[in-house]
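Notes for the structure review
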Amino acid sequence: MASWARTGLRKIFPDHWSFLLGEVALFCLVILVLTGVFLTLFYVPDAQLISYQGSYQPLVGQEVSRAYASVLDLSFEVKAGLVMRQIHHWAALVFVAAITLHILRIFFTGAFRKPREINWLVGIGLLVMALAMGITGYSLPDDLLSGTGLRVIYSVVISIPFIGPYLAFLVFGGEFPTVTIISRLFVFHVMLLPALLIGGVLTHLAILWRQKHTNFRVPGATEHNVVGRPFWPSQVFKSTGLMFLTAAVLALMGGLVQVNPVWSYGPYDATTVSAPAQPDWYVGWLDGSLRLFPPIEFTLLGVTIPTVFIPGVVIPGIAFGVMTLWPFIEPRITGDHGEHQILDRPYDNPLRASVGVAGLLVFVVLTLAGGNDVIALVFDVPLEVMTNVLRVAFFAVPLLGFVVTYRICRELQSRTAAPDARRPVVLVRTASGGYEERDDG
């Protein structure tokens, strides 16, 4: 045990800020668990309707679900309830953002290459589970906004050919809206998904500990060592400080920046949709995909494929499929099947950088499309015009980003390979107070 502990405490961590993005995600998960336990003590996962008699006067006497009423009570009557709700929500937003930035850092620096393909797959799985955690938690208040999101998800699931209706019935417990969906989402959100997420994180860290970190091109770094600071005491104190800083920032945001005011949206009503209605940022791209795709239906083996199938299932499937399989796609393109411990600079691999920028721009355009009604209102542009502009941008912007990124990377490569050989200009002061160039030969 002593030998194992000495080895562990001497483990070297690279001293670069980008490696802390994964730690920020981990600390957000810890805060989500702690605040989630508090919220679970007061939340009622029940879609049965009751007459609201709480402290929020505009809704007194209205029929609301027990789940929605418990969220209002949690916000207005439970001490520290509202701030806990908002810290929990902000932590979820930052959690997904930190995972996304961490994956982007890994992608653009080539940290997914052999022998780390398995850990890349685990990381993509963690991103998907984080999105699922966000969607299920976002839907629990049973307000008008989250209910509208659930209706969209139901429509996407039921559009899957052949198995869609059966899958939707299994998940939702019948035709939407159902009285069982809230309790089912609650089980997913507080039991199944957290267990999978925590297991995935432990697997991710175990593989990382076994394979050791990659390194940037710093002095002394080779393919056979790790240059940085030891786990104890340097990395422990740095990580502890980052944990408290993350908690402090999230607490500040939860206390001062309002998020998800469900009392303003009102209880869910299947006959009502408010405008503008946008989901949290991490699923805004899916909403944008549904808004941009034209109303096209076709028949396959006698089954009509609904309009939402391609933007809601096919496009996300292609995007996440390419992302997941990229560690196996790139070696087939480049012919590089060797192991790598030193990270690339983004411009070292122009193809990878260009594909990454293009893919990122696809998600950016789709996210903007998720708020096309708000953008049209702000800029006083007809909604149809804004939608058509974004449809063109969906193809043009990523293509332009690919070309520009590729040219920039090639230019940076040429400058690195052939540095400027011009001699420096040396100026000397003359006796009269002026300057003249000195010729050093």
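All of these numbers come straight from a predicted model, not from anything done at the bench.

Reading the values: rules and limits
Residues numbered from 1 in each chain as written. Predicted model: local features only at pLDDT ≥ 70, side-chain atom pairs only at ≥ 80, totals over all residues. Heavy atoms only, no water. Helix = DSSP H or I, 4+ residues; strand = E, 2+ residues; numbered from the N terminus. Buried < 20%, exposed > 50% of the residue type's maximum accessible area, 1.4 Å probe, protein only. Areas by Shrake-Rupley, 256 points an atom, 1.4 Å probe, with all protein chains shown as cover. Phe/Tyr/Trp six-rings, centres within 6.5 Å; stacked < 30°, edge-to-face > 60°. Expected span 1.5 Å × (residues − 1). Patch = residues over 30% accessible without salt bridge, like charges linked within 9 Å, V, L, I, M, F, W, Y side chains within 5 Å. Salt bridge = Lys/Arg side-chain N within 4 Å of Asp/Glu carboxyl O. Contact = heavy atoms within 4.5 Å.

Attention shifts here to the overall build of the protein. Secondary structure summary: the protein contains 15 helices and 8 strands in total. The dimensions of the protein, computed from C-alpha atoms along their principal axes, are 90 × 60 × 60 Å. Taking all 441 residues of the protein together, 42% fall into the buried category. Here the protein displays about 23800 Å² of accessible surface, and carbon together with sulfur accounts for 69% of that area.

Another point: the packing of aromatic side chains. Given two aromatic rings, one states the distance between the centres and the angle between the planes to describe the pair. According to the stated counting rule, one finds 22 aromatic pairs in the structure shown. Judged by centre distance (6.0 Å) and plane angle (40°), the rings of Trp285 and Phe320 are tilted. Here Trp285 is found in helix α11 (residues 281–292), whereas its partner Phe320 is found in helix α12 (residues 309–334), with 35 residues between them in sequence. In this structure, Trp285 and Phe320 share a single accessibility class: buried. In textbook terms, an aromatic cluster arises when at least three aromatic residues are bridged by ring pairs, as seen for Phe107, Phe108, Phe112, Trp120 and Trp326.

This part takes up helix α13 (residues 350–369). Compared with an ideal rise of 1.5 Å per residue, which puts 20 residues at 28 Å, α13 spans 28 Å between its outermost C-alpha atoms and is within 8% of the ideal. If you check which residues of α13 are buried, you get Pro350, Arg352, Ala353, Ser354, Gly356, Ala358, Val365, Leu366 and Ala369.

Quick look at a nonpolar patch on the surface now. Together, Phe162, Ile163, Ile296, Phe298, Leu300 and Leu301 line one region of the surface with nonpolar side chains, adding up to about 620 Å² of accessible area. Within the secondary structure, Phe298 sits in strand β5 (residues 298–300).

The next subject is the side chain of Thr387. Considering the arrangement of structural elements, one finds Thr387 in helix α15 (residues 383–417). The contact partners of Thr387, leaving out residues within four places of it in the chain, are Arg291, Leu292 and Asn372.

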